[in-house]
There are 2 protein chains.
Amino acid sequence: MFKSTSNYPMITVEEAWRRVAAQMAPLPPRAYALDTALGLVLAEDVCAVENMPPFAASAMDGYAVVAADEGPRRVIGEQSAGPDREMVVMPGTAARIMTGAPVPRGADAVIPVEYTESDGDTVVLHANVLPGQHVRPAGQDIAIDDLVLTSGTVLGPAEIGLLATMGRAQVQVHPRPTVAVMATGDELVPLSEALAPGQIRDSNSHAIVAAARACGFDARSMGLIRDDIDSLRHAILQGVQSADMVLTSGGVSMGTRDLVKPLLEELGVVHFGRVAVKPGKPLTYATVRGVPVFGLPGFPVSSLVAFENVVRPALRIMAGHANIWRPEIEVHLQHDIAHAPDRTEYQRAVVIVENGVHVASTTGVQVSGRLKSLVGANALLRLPAGRDSFRQGETVTAILITMPEVATTR
Amino acid sequence: MFKSTSNYPMITVEEAWRRVAAQMAPLPPRAYALDTALGLVLAEDVCAVENMPPFAASAMDGYAVVAADEGPRRVIGEQSAGPDREMVVMPGTAARIMTGAPVPRGADAVIPVEYTESDGDTVVLHANVLPGQHVRPAGQDIAIDDLVLTSGTVLGPAEIGLLATMGRAQVQVHPRPTVAVMATGDELVPLSEALAPGQIRDSNSHAIVAAARACGFDARSMGLIRDDIDSLRHAILQGVQSADMVLTSGGVSMGTRDLVKPLLEELGVVHFGRVAVKPGKPLTYATVRGVPVFGLPGFPVSSLVAFENVVRPALRIMAGHANIWRPEIEVHLQHDIAHAPDRTEYQRAVVIVENGVHVASTTGVQVSGRLKSLVGANALLRLPAGRDSFRQGETVTAILITMPEVATTR
């Protein structure tokens, strides 16, 4: 069947996102081993069950003393970091003490070794010492029952360290969403094969898996699927059984071999099949057995831009992130750009900071097939429908994918 | 031995970095399978050996026609994306054609199906068509011999896609540096153990491994090493044999159990052992059998800040990055801050964009043991030596670790 009109009404980018967001929810929390939880979102409030430090600890290498004391002190021994030797520092005495060691009973201050002189048996202080000096009281950093990390915190290196300090070998987090990626199209061959006439190599499955991994998700390629309804049905069903989300690329245009939309209608519910966006008009969103399936366009740039704008924020909801969007910033255009006024357009651009101002240049010809327009790009310029051009010096909104480079003085 | 003066002269942050940088070089290039090369740095120029598209391809679903022709056309067949059916379109005829399909010989334009009407045998065009319209000529995106990616390019999703398009199953890249991480200290216990008096849990090995992984490096924990010269020697030698860099934490102060510096002197060359920086004064850098070894301080914040400022840029040189620094930006202080004037200080801060201006607040008490001062921080404020305070509204330099959040309208 080769129809001249699409079954699917054209909807706006905003309406498309509303329909996606309406059905996305954080994946149910699960216990992860701490060392596998980097980048995940905490799904519990974490309160301290111990003080940190658990005991009054020395902040320096030096001598534990009684601050009010005077004159030379007799050295009664040494307390290293480690087991408490249970010494008692009385007036007239001092204990050698190392950074992190428990401060012996009786002592109320630590004087750094740099300000002392010792023959081994006695120590003379060359500086005043105040009570409490260089002593970290028990619970100074964290007190028992302190709410240390709240549900919703993204676990970075410091948070991982803090959870280790608190003895949390496992933590409740929203799981890392798993994504099954497949490319469709009889014209496609795997990347290691030679091309026969009419053939091109599959690049989308590689690029989309990489895009999902770059955002911290767990992506897996299901490879190339033929334009054959049974192969495709089998692959999509396998995908929804094994992953939290399925991404297809290709097969969503109006051609006679564009089987993805009719198949998704058969297997589940198609929530939209056309969006007023450039690139990516045929973007399709369905749910099959409760699992979201995005039919990404076959053009390489279209599929990556659709991933950025719709798939990534959807996956971030599933991963439990409160902040699902890339930062957006106003940028000054370095040159005129033309734009199709009928749709929201995302042009690939390089944004840098020059004299404190964010400026943007697009990455050349913006046709959907041209992957080179994404090479080196660190931003998408969002050009609203309704205007056909923007002038050099005008301000537009940039969605920042990586941080703009800034001239450094270092 | 408990000495009151350090053997190591205090050097500036800048001098410390010069000594590190002088000995770092990109790791020798190696072939990586394309799907494992995300985030790595290309170590070859990549030229196209084929055109892309390899043939004149339709950009739309529609009919391949002779543009100059007029009237209804007889439909001679269908060309899908995939093997070339070798049809010939003559004046008076047209071929159904799908997006990505090779344009049949004789045809010079494609009219989208939306602008046509067909009974199956003939097709009538409802719009004008110009020669070349909706046809992507062979080599439009990439022509044979084009320099497509240059050595030094960081491989993101688009670059991975482009390399797949060009049939590159393997690419020459600088390898992902491997990092062996160990924590030292008799006071430390693994995170799942209960604490006896004087003990704390190892958090640094977990946090540093996470920090290295968060930057895309291949980090591995060697766990806890006792403050025992033989255990430590064995571990460091094992580290330098199996990794591109070794990171220790703890044992670099002036205490009697601070064995790391003397051991590194025995095993290799110590290039510095004290830096005028807060936090992180005892930071130590050595080479052992040609492998860089950093002795990070034992305080959790000190070790992570030293990782950020010295270890990360060193690893980025090894990974082949030209741009090794985080972006730096001027920020307005939201409140007064005190600062020790004798050293360069890095205070942990939250930077956000408010009305187009970057503003910074520090994360509370900045003592070195307080990991909470890193929780939620997305920047380090670099406070130069020579001043003892900075006032609300003043401008200081922020090193951005993650992108500042911006109020979005979306």
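Residues numbered from 1 in each chain as written. Chains lettered and ligands numbered in written order. Predicted model: local features only at pLDDT ≥ 70, side-chain atom pairs only at ≥ 80, totals over all residues.

### A word on unusual backbone geometry
Here is the rule: To qualify as a helix, a DSSP run of H or I must reach at least 4 residues; to qualify as a strand, a run of E must reach at least 2; elements of each kind are numbered from the N terminus.
A cis amide bond, omega -5°, links M52 of chain B with the succeeding residue P53 of chain B. Position of P53 of chain B among the secondary structure elements: in the loop between β3 (46-47) and β4 (57-58). Backbone geometry at H134 of chain A places phi at a positive 60°, although glycine is not the residue there. In this structure, N355 of chain B is a non-glycine residue whose phi angle is positive, near 50°. Locating N355 of chain B in the fold gives a position in the loop between β25 (344-354) and β26 (357-362).

### Overview of the sheet that holds strand β14 (residues 178-184) of chain B
All names here are of chain B. Using the following cut-off: At least two DSSP bridges between two strands are required for those strands to pair. Every axis corresponds to a line fitted to the C-alpha atoms, with the helix fit spanning only the stretch in contact, and the corresponding angles, defined between N-to-C directions, vary from 0 to 180 degrees. What counts as a contact here is a pair of residues whose C-beta atoms, placed from the backbone, lie within 7 Å.
Strand order across the open sheet formed by six strands is β17-β14-β18-β22-β21-β19, with mixed pairing between neighbours. Edge positions in the sheet fall to β17 (218-225) and β19 (269-272), since each has one partner strand and no second. Recorded for the sheet is a direction-independent mean angle of 20° between the axes of neighbouring strands. In this sheet, strand β22 (residues 291-296) lies alongside strand β18 (residues 245-249) in parallel orientation, the contact comprising four bridges. Note on β22: the bridge partner recorded for L247 is F294. Strands β14, β17, β18 and β22 of the sheet are contacted by helix α3 (residues 204-214), whose axis makes an angle of about 160° with β14.

### Points about the relation of the copies chain B and chain A
Going by this rule: Residues below a pLDDT of 70 in either copy are left out; the C-alpha atoms of the rest, at least 70 in both, set the least-squares superposition of the copies.
Structural alignment of chain B on chain A gives an RMSD of 0.0 Å, achieved by rotating through 180° and translating 0.0 Å along the axis. Here the symmetry operator amounts to a two-fold rotation axis. Looking at the rotation axis and the C-alpha trace of chain B, the residue lying nearest is M403 of chain B, at 3.2 Å. Of the interface residues in chain B, 99% have counterparts in chain A that sit at the interface too, so the contact is made through matching surfaces.

### Quick look at the interface of chain B and chain A
Selection criterion: Under the scheme applied here, ten amino acids are nonpolar (Ala, Val, Leu, Ile, Met, Phe, Trp, Tyr, Cys and Pro), four are charged (Asp, Glu, Lys and Arg), and all others, including Gly, are polar.
On the chain A side, the residues contacting the 91 residues of chain B number 90 residues. Secondary structure elements with two or more residues in the side of chain B that touches chain A: β9 (116-118), α2 (157-165), β16 (200-201), α3, α6 (300-318), β23 (328-333) and β30 (405-406) of chain B. In terms of residue class, the side of chain B that touches chain A is built from 43 nonpolar, 25 polar and 23 charged.

### So, the pairing of strand β26 (residues 357-362) of chain A
All names here are of chain A. Relative to β26, strand β23 (residues 328-333) runs parallel, the two being bridged by two bridges. Of the residues in β26, the one forming a bridge with L333 is A360. Note: strand β25 (residues 344-354) against β26, six bridges, orientation antiparallel. Bridge pairing in β26 places A349 opposite T362. The turn joining β25 and β26, which pair antiparallel and follow one another in sequence, is formed by two residues; a positive phi near 50° is taken by N355.

### Some remarks on the domain arrangement of chain A
Applied cut-off: An automatic or database domain assignment supplies the residue ranges for each domain.
If you check the domain split of chain A, you get domain 1 (13-27 + 176-318), domain 2 (30-45 + 150-174), domain 3 (57-136) and domain 4 (328-406). Inter-centroid distance (C-alpha atoms) of domain 2 of chain A to domain 3 of chain A is 37 Å.

### Structural notes on the packing of helix α2 (residues 157-165) of chain A against α3 of chain B
Under the convention used in this document: Here is the rule for angles: anything less than 35 degrees is roughly parallel, anything more than 145 is roughly antiparallel, 65 through 115 is roughly perpendicular, and the remaining ranges are oblique. Here is the rule for handedness: rotate from the far helix to the near one, and if that takes an anticlockwise turn smaller than a right angle the crossing is left-handed, while a clockwise turn gives right-handed.
Put simply, α2 of chain A and α3 of chain B touch, their axes get as near as 8 Å, and they point 160° apart. One element, α2 of chain A, and the other, α3 of chain B, form an angle in the roughly antiparallel class. The element α2 of chain A and its partner α3 of chain B pack so that their crossing is right-handed. Contact residues: P157, A158, I160, G161 and A164 of chain A in α2 of chain A; N204, H206, A207, A210, A211 and A214 of chain B in α3 of chain B. Partitioning the contact of α2 of chain A with α3 of chain B into residue classes produces eight nonpolar, three polar and no charged.

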